[in-house]
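Fold and contact review
As a plain string of letters, each chain reads:
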Amino acid sequence: KKFNQWQRWSNEVIPSLIGPYLTYQYKSSSLRHQPALQNDPVECTASCHRRTLEMTCVFFNYLEVLNIDCCPCAPAPLQLLKLGLFACAPIAPSLAVDLHVLELVRTLFVWITPNTTAWCEALEVF
């Protein structure tokens with residue numbers, strides 16, 4: 001199961017998210033601003049099996065429950081990325097994390113040291 005999930009992330013999901021991620025980076029000035037985004041309704045050209053996923057979204061100062069209509073034409077990870085969120089699973093995520101929060105965590109791990117200075121340094125750089 002883990003291998004199949006890794007294969008799907010590596011070969012399908014991540015490559016399909018590169019373009020939308022770069023677009024989000026541009027619109028947000030490299031994550032310096034929160035762009036005005038909206039979740040456009042999914043318009044399928046094929047008769048896909050659609051389903052609604054309920055997921056918890058993690059932001060800096062709050063959690064939000066979001067419902068996403070998804071299908072093979074518009075998978076949940078792609079829709080979430082357009083909203084500035086990264087999905088926790090490739091097919092049916094139940095959790096998504098704000099890209100700004102992920103950037104803070106990345107910065108923290110770059111600056112991490114075996115003492116408490118790392119947290120302060122990461123916050124100053126961020």
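Just so we're clear, the structure is a prediction, and the values are computed from it rather than from any experiment.

What follows covers the side chain of Asp98. Looking at where Asp98 falls in the secondary structure, it is placed in strand 4 (residues 95-98). With no salt bridge to any partner, buried Asp98 finds its closest opposite charge in Arg106, at an N-O distance of 13 Å. Filtering out sequence-adjacent residues up to four positions away, Asp98 remains in contact with Gln34, Val58, Phe59, Gly84 and Leu85.

Time to look at the confidence of the model for the protein. Residues with a pLDDT of 70 or more make up 87% of the protein, whose mean pLDDT is 84. Within the protein, no element has a lower average pLDDT than helix 4 (residues 117-125), which sits at 74, and none a higher one than strand 4, at 96.

The next point concerns the packing of helix 3 (residues 99-111) against helix 4. At a closest axis distance of 8 Å, the pairing of helix 3 and helix 4 adopts a crossing angle of 130°. When the axis of helix 3 is compared with that of helix 4, the two are oblique. For the crossing formed where helix 3 meets helix 4, the hand is right-handed. Across the interface between the two elements, Leu104, Thr107, Leu108 and Trp111 of helix 3 pack against Ala118, Trp119, Glu121, Ala122, Leu123 and Val125 of helix 4. Across the contact of helix 3 with helix 4, the residue classes break down as 8 nonpolar, 1 polar and 1 charged.

What the 4 strands build is an open sheet, ordered 2-1-4-3; its pairing is mixed. Of all the strands in the sheet, just strand 2 (63-70) and strand 3 (85-87) have a single pairing partner and so form its edges. Sheet twist, expressed as the average angle between the axes of neighbouring strands with direction ignored, equals 35°. Packed on one face of the sheet, helix 3 meets strand 1 (51-58), strand 3 and strand 4 and runs near 70° to strand 4.

A full pass over the atoms with the stated rule returns 2 salt bridges. Linking Glu103 and Arg106 is a salt bridge whose minimum nitrogen-to-oxygen distance equals 2.7 Å. Of this pair, Glu103 and Arg106 both sit in helix 3, 3 residues apart, which is roughly one turn of the helix. Here Arg106 falls in the partly exposed class, since its relative accessible area comes to 46%.

The rules behind the values
- Residues numbered from 1 in each chain as written.
- Predicted model: local features only at pLDDT ≥ 70, side-chain atom pairs only at ≥ 80, totals over all residues.
- Heavy atoms only, no water.
- Helix = DSSP H or I, 4+ residues; strand = E, 2+ residues; numbered from the N terminus.
- Buried < 20%, exposed > 50% of the residue type's maximum accessible area, 1.4 Å probe, protein only.
- Lys, Arg positive; Asp, Glu negative; His and termini not counted.
- Salt bridge = Lys/Arg side-chain N within 4 Å of Asp/Glu carboxyl O.
- Contact = heavy atoms within 4.5 Å.
- pLDDT = per-residue confidence, 0-100.
- Axes fitted to C-alpha atoms, helices over the stretch in contact; angles between N-to-C directions.
- Parallel < 35°, antiparallel > 145°, perpendicular 65-115°, else oblique.
- Left-handed = near helix turned anticlockwise from the far one by under 90°.
- Nonpolar A, V, L, I, M, F, W, Y, C, P; charged D, E, K, R; others polar.
- Pairing = 2+ DSSP bridges.

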